[in-house]
Amino acid sequence: MLLHSCSCKSRDQSCFMSHSLFVCSQQKELTSKKRDEFEDILEERRLSSDLRYAMKCYTPVIYKGLSPCKPNAIKTAVLQSEQVQYVIKQLAKEMGESPDIIQEEATEILDEMGHSMQLGAVRFFISFCLSELFCKYWSNIVCSVFLFQLQHAIQEHPVVLLPSHRSYVDFLMLSYLLYTYDLALPVIAAGIDFLGMKIVGELLRRAGAFFMRRSFGGNRLYWAVFAEYVKTMLRNGYAPIEFFLEGTRSRTAKTLTPKFGLLSIVMEPFFKREVFDTYLVPISISYERILEESLYAYELLGVPKPKESTSGLLKARRILSDNFGTIHIYVGQPVSLRTLASGRINLCPYNLVPRHLPQKPSEDIQEFVSDVAYKMELLQIENMVLSPWVLVAAVLLQNLPAMDFELLIEKTVWLKGLTQTFGGFIEWPDNLCAKKAVTSALALHSNIARLVNGHVVLNDKGEEDGAIGEIVFKRALAILMCGNYRNQLLNVFVRPSLVALALQMTRSFRKEEVYSCFSILRDVFSDEFIFFPGISLKDFEEGCFLLTKCDAIQTTQQEIYLTDKGSVIVSFLSAMFRPFVEGYQLIFRYLSKETREAFTEKQFVPGVRNFVFQLLEKGNTQCYEALSSDMQKNALAALVQMGAVKKKKM
Amino acid sequence: MAAEAVGSGGGSPSSARRRLRIISGHLRGSGRAALSPSPCKAQGGPAGPAAGSIPKKRQELLKWNGWGYNDSKFIFNKKGQAEFTGKRYRLGGMVLPTFKEWIEKTFGASLEHKTTSRASLNVNDVPPSIVNEEFLQDLRATNISYSQDAEDRVFRAHGHCLHEIFVLREGMFKRIPDIVVWPVCHEDVVKIVELACKHNLCIIPFGGGTSVSSALECPEEEKRTIISLDTSQMNRILWIDEKNLTACVEAGIVGQDLEKQLGESGFCTGHEPDSMEFSSLGGWVATRASGMKKNIYGNIEDLVIHIKMVTPRGIVEKNCQVPRMSTGPDIHHFIMGSEGTLGVVTEVTIKIRPLPEYQKYGSVVFPNFERGVACLREVAKQRCAPASIRLVDNAQFQFGHALKPQVASIFTSFLDGLKKFYITKFKGFDPNILCVATLLFEGDREKVLQHEKQVYDIATKFGGLAAGEDNGQRGYMLTFVIAYIRDLGLDYYVIGESFETSVPWDRVLDLCRNVKERIVRECKEKGVQFAPFSTCRVTQTYDAGACVYFYFAFNYRGISDPIHVYEEIERAAREEILANGGSLSHHHGVGKLRKRWMKESISDVGLGMLRSVKEYVDPNNIFGNKNLL
């Protein structure tokens, strides 16, 4: 899936990394090939003027079947479509209202929703503003594009771009990229909250964003209009459609479990054979330093997220006076939906109902949509770029409160090797010595950790000693911020680590027992990490394989043995995931002890938070990460899924 | 009857009268079939078979390894120009100056790369005839004509699927009939079926041999003696009832003879499948055939009034000849489409009509296929479809164009140029996108002209431009010569076939686009080195949908197993059709070629219903051609 040899670089190869000499395995070859693909798109930008860039001759590659039309023509087509008209008539009949009134409502929905992409605005916004910002605050934006494949896909089929979502910066990143590479600009699904921001909302709209309400499950008119709007653009090949599978920015840098609604909308034209195929493009955007890092930590601790506002954004500029390192964009190979679906689904239900009627997808289809969503997220994860700081953070968190600098370097290098064995994709220039790499990582993240007297410590103290609560809060903040970088490693590590945890927990050598423990852990953490649905055994085998690969274990048909070298690795891995195990234990303890009867979801998070906070104050636990609302929600979701907790609508 | 009603070609080029002239032309060449000595008394009819266009020894008139008449074929003459030989068709003896270039351009084929078929059937390759002596004795006692000759048997071992023709050209079938019998009347058939039951033998009915669904192929694993029951000698019109406008006809009569003989009395059935020169009435019934002019005359299920069929369980028929009856499910519908699995259709009472007074061809050019389909949909909606209305896509339009004979005078060529200029330059139609609808009107003169105006008015609303009678006529000609063209292609590494489906109106465009795209993709994936020719036409219109007909051909140079590759691609195309909401077949039938999709098509229970009928009617599987179920 991952790599076909692709030589698509017409520009100067800014080979910012040379081949890694680490381990000579196939994995490594892939990795180094991957590296060669990258090029810096800011480099050229820095050499020429923004104005020239904005005015550059832009003749993008577009869909072959496109009949060009204006954004307003799309709205009209949507409004007049059989699909929307059908729902309007249904509703009119049911509510006893005139169809005109409902039509009016639909028009309003469309006006709220619709983008009004203008090339002029895009040129101004993307090339002028963003270039300015990007060049100023980021040292590089490097990207790897299967340019030929993407170009081909855009020409031949409707294309859906599926980037990971870690930051607001994601929003126009791809527009910027596609503009640079002379490809058709995408329309982007954005949350309606952006419209609250006066000028920015409208600017985004002109840059191709369209807006969806956060929840509209019950509103049939809204659903019909929205779905038809997206599908019309897709069928016409109007523009690539970009949206975030995760639904929202991940505050923890871990990939969130996918949302299926929009994905099933874009897949439907293919199911109904209104298009021959649809290409899905997984895209990984990795930040060396995330713009919203401290904001996220506050949010996880329950300090409410500021509402999106223009002034808020202007204030955010203050943050921007810093350097944020490198952004890596990896545009994965376009995946053909037709190929994914081949032999898997029965389309008969679609043949028996007129295609314009709203139809609930069969279980078969729902399962397929879910599988595709997970597959795309796993592809995103595979191509995420990990910076040395991520390794440093992971090591540091296991050695608090302070760690010897030399030891940190040594451990970091060790972890680098392990990560690469597990298939992680690390940005670590060969010619850069470990010390320099760690030093520069620390420099970039000086707000989180610093070097004091040959020891590295977290910035977890306030300026003055405050109350005990204050100290706990400050410390939690630092640990969560640091943890959010370590989290980037977790999806690469989760399979071998859960095997390691299972080995430790069962203290058994029997494969069967270890597997059943693994299986339970996997279920418990099913919302915490991304697992492809239903392949527990395969995940277990992969975990075992990776542990064998790094000589941590040896396996026979029936048994698993730890090697001498293995105990170090296994204990490191289990320590890495210990915060989750302990955090979940705390949450379960809260549920079994503190809640007697039914509770609302709203009560749950503050309840757990207070419970954990008190334990931390008393020094009865060291698990600061249990304060993370993300972890709390995931734990609850897993319990609901496993049937331990029941959800009822009141 | 296992004969396929509609093969991939063989229609008549011209108006009904011209058609008749041609058909009478066929007669002159063919010898009179030998009269059977057995006395066969049918009501009012003469004893023994009438003189049919197709002789008992089919090989005397028809190609043994290709489509149609021995004397009619495409060749490249000494100058390297394409030419159609023989005098049977309007195109006969004409030079087609642009055809060679079209072939080279479309297929990447070259005249230097040629494959040749075996010159004749090698009798030594033919599996031996295994027939037990007791049965032969019984058979001789009935005085029914039979043959164990290798040529006779091979001729009845196949239809006209690509793989069957390919086998004829380069190999040999593993299993063929052991004996051919020629009953001359219903009673003969009863005797043969009785004997087969007595000796537990397998019967495969044979009508015109134009099947394109592998329906005539003998199951390889069949251990019993296989009898090919050739109905061709049961070809009389038994009576004509002018008051009720019906005729009772023996099922072995082929289309052209039926129309010719009815024509002598001033009537016609109007049932004209493209294979009507060769396909038989019984075959039409057995496959649920559809005719080109169904808009006026109806499909076979609309035409049939009464059917007599001989089954191992006995004779099945109704007690009266009425337009409609409410007596439970119509038993005719067990018979129509049974593809020779239940018995032999021996006599059919069919509706007839007075010969039309006037016929007129026509054509309309549309700026693109989408507009054309929209126009056909509107015509269907207003229920004013002419006898035939077809919409060919751009590729097929160009194909038709390549078959234009050399023009006779400078004046015609000047006119052609002017027309082209008007359409492409003045009206701005893109010659690589435009498409053409061909029309055939029939009826009394005044009504035809009125009708014509109505249809052209609708066409104008969809951007259509009238493009003359000549283009229309050439469109219809294409359908009958295309089967001959396949034989030419086979000589130059080009293989191809047609397939069809029916589909609701709103899915027509998506289906056409997706199936063509799928074919192109599959070819690429399977290593076909030249872009395939894949084209379609909307060939019939109905209230609720349309019938779409595809042609698909490619140059197979560089592929070691072209037939396998071809079959995989055709299979993929069928999957695509089904996924797009199309049917398994509109009129070709299922045979053995499309059996695997039957369950999906009619559900488990549906299939069980059909099976239970088979089990009752033919518990010992005497009619063991293994079609359909």
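Note that the structure is predicted; figures quoted are calculated from it, not measured.

**Structural notes on the overall build of chain B**
Link 1 in the chain: In terms of helices and strands, chain B carries 19 helices and 21 strands.
Link 2 in the chain: A compact globule built from 629 residues should have a C-alpha radius of gyration of about 25 Å, and chain B, at 24 Å, falls within 12% of that.
Link 3 in the chain: Judged by the C-alpha coordinates and their principal axes, chain B covers about 75 × 60 × 50 Å.
Link 4 in the chain: On chain B, the mean spot of the 79 positive side-chain charges and the mean spot of the 73 negative ones are 3 Å from each other.

**So, the overall build of chain A**
Link 1 in the chain: If you tally the helices and strands in chain A, you get 26 helices and 14 strands.
Link 2 in the chain: Buried positions account for 57% of the 650 residues belonging to chain A.
Link 3 in the chain: Of the contacts formed within chain A by residues at least 6 apart in sequence, a portion of 79% connects residues at least 24 apart.
Link 4 in the chain: With an accessible surface of roughly 28,100 Å², chain A has 54% of that area assigned to carbon and sulfur atoms.

**Here we look at the sheet that holds strand β17 (residues 435-443) of chain B**
Residue and element names in this part refer to chain B.
Link 1 in the chain: With respect to topology, 7 strands assemble into an open sheet ordered β18-β15-β17-β16-β20-β21-β19, the strand pairing being antiparallel. Taken across any chain shown, the strands that pair with only one partner, and hence form the sheet edges, are β18 (465-466) and β19 (494-504).
Link 2 in the chain: Relative to strand β21 (residues 545-555), β19 runs antiparallel, the two sharing 11 bridges. Bridging across to β21, Ile495 finds its partner in Phe554.

**As for the sheet that holds strand β5 (residues 179-182) of chain B**
All names here are of chain B.
Link 1 in the chain: The 4 strands are arranged β4-β5-β7-β6 in an open sheet whose pairing can be described as mixed. The open sheet has two edge strands, β4 (145-147) and β6 (202-206), and neither has a second partner. Going across the sheet, the axis of each strand differs from the next one's by a mean of 25°, ignoring polarity.
Link 2 in the chain: Its contacts with the sheet place helix α3 (residues 133-142) against β4, β5 and β7 (226-230), and it is angled at close to 15° to β5.

**Considering a negative patch on the surface**
Residues and elements named next belong to chain A.
Link 1 in the chain: Together, Glu97, Asp100, Glu104, Glu105 and Glu108 line one region of the surface with negative charge.
Link 2 in the chain: Looking at the secondary structure, you find Asp100 in helix α6 (residues 99-113).
Link 3 in the chain: A relative accessible area of 58% places Asp100 in the exposed class.

**Quick look at the nonpolar core**
Link 1 in the chain: Counting residues in each nonpolar core, the largest one holds 148 residues, and the members touching the most others are Ile329(A) and Phe493(A).
Link 2 in the chain: Looking at which element gives the most residues to this core, the answer is helix α21 (residues 468-506) of chain A, with 20 residues.
Link 3 in the chain: Counting residues in each nonpolar core, the second largest holds 99 residues, with Val126(B), Val508(B), Ala553(B) and Ile559(B) among its members.

**A word on the UniProt feature "active site" (unreviewed entry) in chain B**
Residues and elements named next belong to chain B.
Link 1 in the chain: What UniProt calls "active site" (unreviewed entry) maps, in this numbering, to Tyr549.
Link 2 in the chain: Assignment of secondary structure puts Tyr549 in strand β21.
Link 3 in the chain: Owing to a relative accessible area of 2%, Tyr549 belongs among the buried residues under this scheme.
Link 4 in the chain: In this structure the side chain of Tyr549 is engaged in a polar contact, spanning 3.1 Å, whose partner is the side chain of Ser498.

**Overview of the packing of aromatic side chains**
Link 1 in the chain: A complete count under the given rule lists 50 aromatic pairs over all chains for this structure.
Link 2 in the chain: Here the aromatic rings of Trp102(B) and Phe107(B) are separated by 5.8 Å at their centres, their planes lie at 90°, and the arrangement is edge-to-face. The two residues Trp102(B) and Phe107(B) agree in class, both being buried.
Link 3 in the chain: Its end group placed over the ring of Phe324(A), Arg289(A) keeps NZ or CZ at 4.4 Å from the ring centre.

**Describing the interface of chain B and chain A**
Interfaces are often sized by the amount of accessible area the parts lose when they come together.
Link 1 in the chain: Contacts between the two partners involve 13 residues from chain B and, on the opposite side, 14 residues from chain A.
Link 2 in the chain: With both chains or domains summed, chain B and chain A bury close to 1,200 Å², and 34% of this area falls on carbon and sulfur atoms.
Link 3 in the chain: If you look at where chain B meets chain A, you find 6 salt bridges.
Link 4 in the chain: Notably, a salt bridge pairs Arg521(B) with Asp277(A), separated by 3.9 Å at the nearest N-O pair.
Link 5 in the chain: Scanning the region where chain B abuts chain A turns up 12 residue pairs in polar contact (both at pLDDT 80 or more).
Link 6 in the chain: Those elements that provide at least two residues to the side of chain B that touches chain A are α17 (508-525) and α18 (562-579) of chain B.

**Regarding the pattern of salt bridges**
Link 1 in the chain: In the structure shown here, the tally under the stated rule is 63 salt bridges over all chains.
Link 2 in the chain: For Glu293(A), the salt bridge goes to Arg289(A), with nearest N and O atoms at 2.9 Å. For the residue pair Glu293(A) and Arg289(A), the accessibility class agrees, reading buried in each case.
Link 3 in the chain: Linking Arg140(B) and Glu133(B) is a salt bridge whose minimum nitrogen-to-oxygen distance equals 3.4 Å.
Link 4 in the chain: The class for Arg140(B) is partly exposed, based on a relative accessible area of 40%.
Link 5 in the chain: The network of salt bridges with shared partners includes Arg273(A), Arg338(A), Arg518(B), Glu522(B), Lys526(B), Glu568(B) and Glu576(B).

**Re the pairing of strand β4 (residues 187-191) of chain A**
All names here are of chain A.
Link 1 in the chain: Summarising burial for β4: 5 of the 5 residues are buried, a large majority.
Link 2 in the chain: The alternating pattern of β4 places Val187, Ala189 and Gly191 and Ile188 and Ala190 on opposite faces, both of which are buried.
Link 3 in the chain: In terms of strand pairing, β4 meets strand β5 (residues 209-212) through 4 bridges, oriented parallel. Of the residues in β5, the one forming a bridge with Ala189 is Phe210.

**A few points about unusual backbone geometry**
Link 1 in the chain: Cis geometry marks the peptide bond from Leu400(A) to Pro401(A), where omega comes out at 5°.
Link 2 in the chain: Note that Pro401(A) resides in the loop between α18 (388-397) and β10 (402-404).
Link 3 in the chain: Its identity as a non-glycine residue notwithstanding, Ala253(A) has a phi of 70°, on the positive side.
Link 4 in the chain: Here Ala253(A) shows up in the loop between β6 (241-242) and α12 (261-271).
Link 5 in the chain: Its identity as a non-glycine residue notwithstanding, Asn621(B) has a phi of 50°, on the positive side.
Link 6 in the chain: Position of Asn621(B) among the secondary structure elements: in the segment after α19 (598-617).
Link 7 in the chain: By relative accessible area, which is 25% here, Asn621(B) ends up partly exposed.

**Re the side chain of Glu222(B)**
Link 1 in the chain: Turning to its location among the elements, Glu222(B) is positioned in the loop between β6 and β7.
Link 2 in the chain: Apart from the residues lying within four places of it in its own chain, the contact partners of Glu222(B) are Arg175(B), Cys202(B) and Gly624(B).

**Some points on the environment of Lys93(A)**
Residue and element names in this part refer to chain A.
Link 1 in the chain: Within the fold, Lys93 resides in helix α5 (residues 82-95).
Link 2 in the chain: Classification of Lys93 as exposed rests on a relative accessible area of 69%.
Link 3 in the chain: Measuring from C-alpha to C-alpha, the distance between Lys93 and Gly566 comes to 69 Å, with 473 residues separating the pair along the chain.

**Focus on the UniProt feature "binding site: substrate" (unreviewed entry) in chain B**
Residue and element names in this part refer to chain B.
Link 1 in the chain: As annotated in UniProt, the feature "binding site: substrate" (unreviewed entry) corresponds to Arg486 in the numbering used here.
Link 2 in the chain: Checked against the element boundaries, Arg486 lands in helix α16 (residues 469-491).
Link 3 in the chain: Judged by relative accessible area, Arg486 falls into the buried class, the value being 13%.
Link 4 in the chain: Ignoring sequence-local partners within four residues, the contact set of Arg486 consists of His160, Cys161, Leu162, Ile165, Gly496 and Glu497.

What counts and what doesn't
- Residues numbered from 1 in each chain as written.
- Chains lettered and ligands numbered in written order.
- Predicted model: local features only at pLDDT ≥ 70, side-chain atom pairs only at ≥ 80, totals over all residues.
- Heavy atoms only, no water.
- Helix = DSSP H or I, 4+ residues; strand = E, 2+ residues; numbered from the N terminus.
- Rg over C-alpha atoms; globule rule 2.2 N^0.38 Å.
- Lys, Arg positive; Asp, Glu negative; His and termini not counted.
- Charge placed at Lys NZ, Arg CZ, Asp CG, Glu CD.
- Buried < 20%, exposed > 50% of the residue type's maximum accessible area, 1.4 Å probe, protein only.
- Contact = heavy atoms within 4.5 Å.
- Areas by Shrake-Rupley, 256 points an atom, 1.4 Å probe, with all protein chains shown as cover.
- Pairing = 2+ DSSP bridges.
- Axes fitted to C-alpha atoms, helices over the stretch in contact; angles between N-to-C directions.
- Patch = residues over 30% accessible without salt bridge, like charges linked within 9 Å, V, L, I, M, F, W, Y side chains within 5 Å.
- Salt bridge = Lys/Arg side-chain N within 4 Å of Asp/Glu carboxyl O.
- Core = buried A, V, L, I, M, F, W, Y, C linked by side-chain atoms within 4.5 Å.
- UniProt positions renumbered as here; feature names shortened; annotations may be inferred.
- Polar contact = N/O pair within 3.5 Å; in protein donor to acceptor, adjacent residues only side chain to side chain.
- Phe/Tyr/Trp six-rings, centres within 6.5 Å; stacked < 30°, edge-to-face > 60°.
- Lys NZ or Arg CZ within 6 Å of the ring centre and 35° of its normal.
- Buried area = accessible area lost by both parts, 1.4 Å probe.

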